[in-house]
Amino acid sequence: VQLQAFGGGLVQAGGSLRLTCAASGTIFSINTMRWYRQAPGKQRELVATITGGGSTNYADSVKGRFAISRENAKNTVHLQMNSLRPEDTAVYSCNAVIISSRGAGDYWGQGTLVTVSS
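### Considering the nonpolar core
Argument step 1. Counting 31 residues, the largest nonpolar core has L3, W35, F66, L79, M81, Y92 and I98 as the members making the most contacts within it.
Argument step 2. The set of elements that each furnish at least two residues to this core consists of β1 (2-6), β3 (17-24), β4 (27-38), β5 (45-50), β7 (66-71), β8 (76-81), β9 (90-100) and β11 (112-117).
Argument step 3. If one sorts the elements of this core by residue count, β9 sits on top with five residues.
Argument step 4. Excluding anything up to four places from it in sequence, L79 contacts L17, R18, L19, W35, V47, A48, F66, A67, I68 and Y92.

Here is the structure:
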């Protein structure tokens, strides 16, 4: 089982980006999926969570600007980021609890860099 994140890039303040994280392998189901971010010199921060049932939760710093969603048929999770600010600059990583042929596991995708210029 692998998670691959993509969609990062350079954007001006006020702009938008959409991140995608796709799981591959022999997957039976995916439970909670999360996006984290880590800015230079800072601790990793939980940005958004979506459960298997579709319930969502967000960090206060991104509420009203970011939206997490999932496509179960494609084993993917998205993070739509609007009204981006320079302080959103970070490496964004996805995490998921996946039930596969190997049992239950906690998986991480590689990070994708988001840079917001002022």
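### Quick look at the side chain of N95
Argument step 1. Tracing the chain through its elements places N95 in strand β9.
Argument step 2. N95 sits in the buried class, given a relative accessible area of 3%.
Argument step 3. A distance of 3.1 Å separates a polar atom in the side chain of N95 from a polar atom in the side chain of D106.
Argument step 4. Those residues in contact with N95 that lie beyond four places of it in its chain are L3, T32, M33, R34, Y36, D106, Y107 and W108.

What counts as what
- Residues numbered from 1 in each chain as written.
- Predicted model: local features only at pLDDT ≥ 70, side-chain atom pairs only at ≥ 80, totals over all residues.
- Heavy atoms only, no water.
- Core = buried A, V, L, I, M, F, W, Y, C linked by side-chain atoms within 4.5 Å.
- Buried < 20%, exposed > 50% of the residue type's maximum accessible area, 1.4 Å probe, protein only.
- Helix = DSSP H or I, 4+ residues; strand = E, 2+ residues; numbered from the N terminus.
- Contact = heavy atoms within 4.5 Å.
- Polar contact = N/O pair within 3.5 Å; in protein donor to acceptor, adjacent residues only side chain to side chain.

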